[in-house]
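Take a look at the letters that make up each chain.
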Amino acid sequence: MPTDAPYPFPGMNPYFEAKWPDVHATMIVHMREHLRRQMPQGLYVGVELGTQILKNSRDEKPKVPDAAIWKLKEDSPTLQEPPNAASPTIAETLAPKVRRLAIRDLDGELLTVIELLSPSNKHGAGAVVHQRKRLGLIESGINLVEVDLVRQWGLAVAQFEEDDVAARLASEAGDLPPHAVVVFRASTPNVRELYGIRYPVTLPSIRVPLSPEHHDIWLNLQELAVTAHREGQFDLVTRYANDPEPTLSKEDNVWLDTHLKAQGLR
C-alpha cells in the first residue's frame, strides 16, 4: 500500500495496539501541540513523568499521586531463627512511569491531567498504582481526562469507575464500546463525562476542562489517530489479512472484514 494513501479507517485504527509504545509516544507529542495552540494566556501544557500536585501554600510539600517505588523490607525477626532460615534478596520495583500531559498555570499549580492509557495501567500492580494516582488527582480537585484506546485487559471505565457509570456508557447501544474517554471536572465531582468509541464511527473531539475562569479547549482524537497512523508507517507494517491483536469482538471482527474488503485491503 503506498505510504501516501489516505487513512483507511473511519475512526480508530484497530491495529494500533501492535505498536502501542510508538503510537503512544506520537500521540502524546501531537496532543501537546494540539492543545498548546488553544491554550489561554497564563497557562501551559507539558509532558510529565510522576506529575506533582502543587497547592497555593508555599509551605506545603508537593504530593505525587502515583506511588513511584515499592520496596520489599525485611522485618526484624521476633522468634528464634530455624536452622534453614535464609535472607531474602531485596529488589526495588518501579511503578510504570507513563508520560502524561499536565496543564498548569505559570505558578506551577496543576489544573488538568490528560492520561493516554497503556495496557500496563489496567493490569496487576500497574492498575493498583493507576487507581491510586487517579483517586489522588480527583480528591485534590484536579481535572482528569482519561483516554482509553487499548483493548488489552478490558475497558478502563469498567475497572476504575462505579458500575452505574459503565452501565450508562453501555445504555445507548446495549453493550460497552471497545474504547472510551472519561472526563472528571473538579467543579462537578459527582459527574463523569463519557465518550464511547466504536470502530465504524469517527473518533470524537472531546472537551478538556481548565480552571473555572477559562473556557474548555478541544482535543481532536481523529486528527491524532490519522497522524499516528501516518508517522508510524502503518501502511507499510500492517498485515491487513491478519486479524488485530488483542482479538476484537465478533461484531467488530465482522465489520472490520467487510470494511477492509471494501477498501481493497483484504
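Since the structure is predicted, the reported quantities are computational estimates derived from the model, not experimental observations.

The rules behind the values
All residue numbers refer to positions counted from 1 along the written sequence of the respective chain. Given that the model is predicted, a residue must reach a pLDDT of at least 70 before its local features are reported, and side-chain atom pairs must reach 80 or more before they are shown or counted; all residues, however, enter totals for whole chains, interfaces and linings. The basis for every side-chain value is the complete set of non-hydrogen atoms in the structure, without hydrogens or water. Working definition: with a 1.4 Å probe on protein chains only, accessible area under 20% of the residue-type maximum means buried, over 50% means exposed, and in between means partly exposed. Where helices and strands are cited, they refer to DSSP runs of H or I of at least four residues and of E of at least two residues respectively, numbered from the N terminus. What the arc covers is the set of directions going from the helix axis to the C-beta atoms. Contacts: residue pairs with any heavy atoms within 4.5 Å of one another. Here, the term nonpolar core denotes a set of buried Ala, Val, Leu, Ile, Met, Phe, Trp, Tyr and Cys residues that are joined through side-chain atoms within 4.5 Å. Aromatic pairing here means that ring centres of Phe, Tyr or Trp (its six-membered ring) are within 6.5 Å. Orientation follows from the plane angle: under 30 degrees is stacked, over 60 is edge-to-face, and everything else is tilted. Two strands are said to pair when DSSP picks up at least two bridges between them. The convention used is that axes are lines fitted to C-alpha atoms, helices contributing only their stretch in contact, and that angles between N-to-C directions extend from 0 to 180 degrees. To estimate how far a helix should extend, the number of its residues minus one is multiplied by 1.5 Å. We count a salt bridge whenever a side-chain nitrogen from Lys or Arg sits within 4 Å of a carboxyl oxygen from Asp or Glu. Handedness of a crossover: with both strands directed away from the viewer, a clockwise path from the first strand across the helix to the second marks it as right-handed. The definition of a polar contact used here is a pair of N or O atoms within 3.5 Å, where within protein one atom must be able to donate a hydrogen and the other to accept one, and adjacent residues in sequence count solely through side-chain atom pairs.

Caption draft 1: Region of interest: helix H4 (residues 163-170). Considered for burial, the residues of H4 that qualify are Val165, Ala166, Leu169 and Ala170. Looking down the long axis of H4, one finds its buried residues gathered within 135 degrees of arc, a one-sided arrangement. Within H4, the exposed residues directed more than 90 degrees away from the buried face are Asp163, Asp164 and Arg168. Packed against the buried residues of H4 are helix H3 (156-160), strand E7 (179-184) and strand E8 (192-197).

Caption draft 2: Up close: the environment of Met27. Within the element layout of this structure, Met27 appears in helix H1 (residues 20-36). Sequence-wise, Met27 and Glu231 are 204 residues apart; in three dimensions their C-alpha atoms are separated by 10.0 Å. Setting aside anything within four residues of it in sequence, one finds Met27 in contact with Phe16, Leu116, Leu149, Leu224, Ala225 and Ala228.

Caption draft 3: Molecular detail of the nonpolar core. In terms of nonpolar packing, the biggest core is built from 44 residues, with Phe16, Met27, Leu35, Ile114, Val181, Leu219 and Leu221 touching the most fellow members. In terms of residue count, the dominant contributor to this core is H1 (six residues).

Caption draft 4: The packing of aromatic side chains, seen in detail. Scanning the model with the defined rule gives five aromatic pairs in all. Taking the centre distance of 5.3 Å and the plane angle of 90 degrees together, the rings of Tyr15 and Tyr240 count as edge-to-face. Of this pair, Tyr15 sits in the segment before H1 while Tyr240 is found in the loop between helix H6 (234-237) and helix H7 (250-262), placing the two residues 225 residues apart along the sequence. The pair Tyr15 / Tyr240 is uniform in exposure class, with both members buried. Ring centres of Phe16 and Phe234 lie 5.0 Å apart, and the angle between their planes is 65 degrees; this geometry places the pair in the edge-to-face category.

Caption draft 5: Looking closely at the sheet that holds strand E1 (residues 43-48). The strand order across the open sheet built from six strands is E1-E4-E5-E6-E7-E8, with neighbouring strands paired in mixed fashion. Edge positions in the sheet fall to E1 and E8, since each has one partner strand and no second. Within the sheet, the average angular offset between the axes of one strand and its neighbour, ignoring direction, is 15 degrees. Two strands pair when backbone bridges link them, and strand E5 (residues 110-116) and strand E6 (residues 143-148) are joined in this way by five bridges, in the parallel orientation. Within E6, the position partnered with Thr112 by the bridge is Asn143. H4 rests against E7 and E8 of the sheet, and its axis sits at about 45 degrees to E8.

Caption draft 6: Molecular detail of the environment of Pro14. Tracing the backbone shows Pro14 in the segment before H1. In this structure the C-alpha to C-alpha distance between Pro14 and Pro244, which are 230 residues apart in sequence, comes to 6.4 Å. Excluding residues within four positions of it along the chain, Pro14 makes contact with Phe9, Arg151, Tyr199, Pro244, Leu248 and Leu256.

Caption draft 7: Structural detail: H7. For H7, which comprises 13 residues, the first-to-last C-alpha distance of 19 Å matches the rise-based estimate of 18 Å (1.5 Å per residue) to within 8%. The complete set of buried residues in H7 reads Asp252, Leu256, His259 and Leu260. Buried residues in H7, looked at end-on, bunch into an arc of 95 degrees, giving them a common side. The outward face of H7, more than 90 degrees from its buried face, is lined by the exposed residues Lys250, Glu251, Val254, Lys261 and Ala262. Backbone geometry just downstream of H7 places Gly264 in the positive-phi region, at approximately 75 degrees.

Caption draft 8: The pattern of salt bridges, seen in detail. For the coordinates displayed, the defined rule picks out 17 salt bridges. The partner of Asp175 in a salt bridge is Arg198, and the shortest N-O contact between them spans 3.4 Å. In this pair, Asp175 is assigned in the loop between H4 and E7 and Arg198 in the loop between E8 and strand E9 (205-208), connecting sequence segments 23 residues apart. Each of Arg134, Glu146, Glu161 and Arg192 takes part in a single network of salt bridges with overlapping partners.

Caption draft 9: Representation of the pairing of E5 within the structure. Counting buried residues along E5, seven of its seven residues qualify, which places the element largely inside the surrounding structure. The sheet contact formed by strand E4 (residues 100-105) and E5 spans four bridges and is antiparallel. Considered in E5, the bridge of Ile103 is made with Thr112. Counted between consecutive antiparallel strands, the loop separating E4 from E5 contains four residues, among which Gly108 sits at a positive phi close to 90 degrees. In this fold, E5 hands off to helix H2 (residues 124-139), which returns the chain to E6; that crossover is right-handed.

Caption draft 10: Quick look at the side chain of Arg185. Relative to the assigned elements, Arg185 resides in the loop between E7 and E8. The exposure class of Arg185 is buried, given its relative accessible area of 14%. Side-chain polar atoms of Arg185 contact the side chain of Asp216, separated by 2.6 Å. In this structure, Arg185 is in contact with Asn143, Glu193, Arg207, Pro209 and Asp216, ignoring residues within four places of it in sequence.

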